[in-house]
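# Tertiary structure, described
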Amino acid sequence: MPWYQLNDANDPKLDELSRKYNLHPLHLEDARSPDESVKVDTAPHYTFAVFKPVRLVPDPDNPGEQTPTFSAIDIFAGKDFLITISDPTCPTTVQALDRARRDGDDEHPGKLLSLILDTIVDLYFPAIDHFDDRIDDLEDKVFDNPSPEILQSIFAIKRELIDLRRVLVNTRDASLHLQRDPNTIIDADHQPYVRDTYDHIARLLDSVETQRDLLNNTLDIYLSSVANRTNEVMKVLTVLGTIALPALAISGIYGMNLKGLPFEDSPHGAAWVAAVTIVATVLFLYLLRRFKWL
């Protein structure tokens, strides 16, 4: 069975193969679309599939961190041919195709398709582990030093998890289509492998939901920490303002130049007024502590 591997969907060779194997024009359009989502479609004599392998690349907005990115691999699997269109620079895709060549069978294109899908799904687990590490690190930082940068990281990870979940949901639906449609290239002998891959996708989706819950909890902790810090600041400012009340009251009275005030004509009037202010402040502090307001 011939296996044609193309690196670009716009390769003229794909048009030649389309005429040779009677590929549907809509499938060619999907293969050439850069934004096509994961899908599986069945034609009378072949199965068309679009998968999205994931890989970790350096995050341009956050030096030192990695972010998941998706490539596309398009597959036309017929009973007597196999066409794959993929990015040769994507290590995940290369690994999936190498495993299919190593463990597959040219006489069973359904096995090749199931191996490619299984490898792509298995390589989602390192991305999930990467998110686990980042969330654990965020939880530690939230407790130690909540800052606006942490809030930005939380929302960035939430967006990445949304993209990952969307791809996984579409991959789950594609896997389910391969199981339920009797006209796909996957025969009865290879259905158990596809079901096993489906179970792996379900586990991945459970992990993503758990991570989203952890992120929501981290966000709640961040907001609580910021609110507690604000309350502490307000408490300190309130205490300082309250302690200053006796001094403000006494200085305000003597500042109005009223006649008949105590110590008005005394040569040591300023010292007496200062002493009264200090005593009043100390007494006020004692009362605050007595009532456990401090």
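Report on the accompanying structure. This is a predicted model, so every value here is computed, not measured. (Residues numbered from 1 in each chain as written. Predicted model: local features only at pLDDT ≥ 70, side-chain atom pairs only at ≥ 80, totals over all residues. Heavy atoms only, no water.)

In this section: the side chain of Thr92. Considering the arrangement of structural elements, one finds Thr92 in helix 3 (residues 91–103). Among the residues examined, Thr92 registers a relative accessible area of 8% and is labelled buried. Among the polar contacts made by the side chain of Thr92, one reaches the main-chain carbonyl oxygen of Val54 at a distance of 2.7 Å. For Thr92, the contacting residues outside a window of four places in its chain are Pro53, Val54, Arg55 and Leu123. (Helix = DSSP H or I, 4+ residues; strand = E, 2+ residues; numbered from the N terminus. Buried < 20%, exposed > 50% of the residue type's maximum accessible area, 1.4 Å probe, protein only. Polar contact = N/O pair within 3.5 Å; in protein donor to acceptor, adjacent residues only side chain to side chain. Contact = heavy atoms within 4.5 Å.)

The strand order across the open sheet built from 5 strands is 1-7-6-3-2, with neighbouring strands paired in mixed fashion. The sheet is open, and its two edges are formed by strand 1 (3–6) and strand 2 (39–42), each paired on a single side. Averaged over all adjacent pairs, the angle separating strand axes in this sheet is 10°, with direction ignored. In this structure, strand 2 lies alongside strand 3 (residues 46–51), joined through 4 bridges in antiparallel fashion. Its bridge partner lying in strand 3, Val40 is registered against Ala49. Running over the sheet, helix 3 touches strand 1, strand 6 (73–78) and strand 7 (82–86) and is turned about 170° from strand 1. (Pairing = 2+ DSSP bridges. Axes fitted to C-alpha atoms, helices over the stretch in contact; angles between N-to-C directions.)

Counted residue by residue, strand 6 has 6 buried out of 6 residues, so it is predominantly covered. Burial along strand 6 is two-sided: the residues Ile73, Ile75 and Ala77 and Asp74, Phe76 and Gly78 are all buried. In this structure, strand 6 lies alongside strand 7, joined through 5 bridges in antiparallel fashion. Within strand 7, the position partnered with Ile73 by the bridge is Ser86. Turn length for the strand 6-strand 7 hairpin, with the two strands adjacent in sequence and antiparallel, is 3 residues.

The terminal C-alpha atoms of helix 5 (residues 124–144) lie 31 Å apart, and with 21 residues this matches the ideal 30 Å at 1.5 Å per residue to within 8%. Three or more residues of helix 5 are buried, namely Tyr124, Ala127, Ile128, His130, Phe131, Arg134, Ile135, Leu138 and Val142. Buried residues in helix 5, looked at end-on, bunch into an arc of 155°, giving them a common side. In helix 5, the exposed positions that point more than 90 degrees away from the buried face belong to Asp133, Phe143 and Asp144. Elements in contact with the buried residues of helix 5: strand 4 (54–58), strand 5 (66–70), helix 4 (109–122), helix 6 (148–180) and helix 7 (191–243). (Expected span 1.5 Å × (residues − 1). Arc of directions from axis to C-beta.)

From the geometry alone we can't say anything about function, so treat these as descriptive.
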